[in-house]
Amino acid sequence: MLRFKLFITLIISSGFLFAQGDIEIDQFHSSLNQFLSVRDFCLSKDGNEAFFTIQSPFQEISQIVSVKKVNGEWTEPELLPFSDSYVYMEPFLSKDDKRLYFASDRPLNDSIQEKKDFDIWYVERKSLFDHWSEPINLGKPVNSELNEFYPTLSDNNNLYFTLESPAGLGKDDIYFCRWDNGNYASPVLLDENINSDGYEFNAYISRNEDYLIFSKYNAKGGHGSGDLYISKKDGNGKWEKAENIGLPINTKYMEYCPFYDDKRGILYFTSKRNDIIPQEFQSVSEFQKYVIETNNGLSKIYMTKLKID
């Protein structure tokens, strides 16, 4: 694991997010440096299974991979069995770890070869030791002829996701579908405390559905590019005005795809932060190691201890 210690205290004025002392921003695991682009992340309840997306530099190829912790060490990443020539990304595990949701442009059935718009899909397994099923489309009213991305679910099964819709406030907005008697209700656009006429996307909903962490792009008062924001529900169940999580988690570079492990108090997120400093090298291998392992501006998964009250 690569570690970059930042001696900064983070305090957000709303009082529901608080982290004190030295904040350490770590790359999730050094084995991921073999990939040019890694984004999004989810973790099983016991913390021993993780899923994330690997991509080509311009995202023409995008596949979900998994790693498992064995004897305290992460295994080498493995492609999920349903991988094919279509795009797969943004995995999220159900609360029992037996269903994996994701976004894909795969066609609705195998008899069709053309890609469709992005929908939310899932695969299932009978137990943690069984194989995954074939992909299943979540269907209407969640999916539509528009693009749906980044599914996350609270423990009551309410679904939050990104939707590109002309009926939204901006190009990308965050919606949710309420789980009602075994079915999803129609998507609901979150209000101006979350969405704007800009870009809001990649929303992580907490298990108790009491806070939401998501990305805003080039928002006024932000640190530049994409920043992570957080909103909490008030006593009436309404979302409060979202606040920037701040430095050092956010930078002038792109931060997105949050996932919060509330059991261990760890925030995982994707960032394109760049700390490369020109210097002299004694060999090509030394140069290569430095460029690949450091925060080099490529999409990588990071983690940091964070307390959310």
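Structure: above.
Rules of the game
Residues numbered from 1 in each chain as written. Predicted model: local features only at pLDDT ≥ 70, side-chain atom pairs only at ≥ 80, totals over all residues. Heavy atoms only, no water. Helix = DSSP H or I, 4+ residues; strand = E, 2+ residues; numbered from the N terminus. Rg over C-alpha atoms; globule rule 2.2 N^0.38 Å. Buried < 20%, exposed > 50% of the residue type's maximum accessible area, 1.4 Å probe, protein only. Lys, Arg positive; Asp, Glu negative; His and termini not counted. Charge placed at Lys NZ, Arg CZ, Asp CG, Glu CD. Contact = heavy atoms within 4.5 Å. Disulfide = S-S within 2.5 Å. Pairing = 2+ DSSP bridges.

### Regarding the overall build of the protein chain
Item 1. In terms of regular secondary structure, the protein chain is built from one helix and 27 strands.
Item 2. The C-alpha atoms of the protein chain give a radius of gyration of 19 Å, which matches the 19 Å a tight globule of 309 residues would have.
Item 3. Overall, the C-alpha framework of the protein chain stretches about 60 × 45 × 35 Å when taken along its three principal axes.
Item 4. Considering the protein chain as a whole, with its 309 residues, one finds that 51% of them fall into the buried category.
Item 5. Here the protein chain contributes 33 positive and 47 negative side-chain charges, whose respective centroids are spaced 4 Å apart.

### Things to note about the environment of Gly 265
Item 1. Its location among the elements puts Gly 265 in the loop between β24 (255-261) and β25 (266-271).
Item 2. Each C-alpha atom, one on Gly 265 and one on Tyr 302, is 14 Å from the other, the two residues being 37 residues apart in sequence.
Item 3. The contacts of Gly 265, once residues within four sequence positions are left out, are Tyr 260, Thr 304, Lys 305 and Leu 306.

### Some words on the state of the cysteines
Item 1. This model, assessed by the stated rule, comprises zero disulfides.
Item 2. In this structure Cys 42 is not part of a disulfide, and its nearest cysteine sulfur, from Cys 257, lies 11 Å away.
Item 3. Left without a disulfide partner, Cys 177 is nearest to the cysteine sulfur of Cys 42, which lies 20 Å away.
Item 4. With a relative accessible area of 0%, Cys 177 lands in the buried category.

### Some words on the sheet that holds strand β10 (residues 88-93)
Item 1. Reading across the sheet, the four strands line up as β10-β11-β12-β13 and stay open at both edges, with antiparallel pairing between neighbours. Sheet topology places β10 and β13 (136-137) at the edges, where each strand pairs with a single neighbour.

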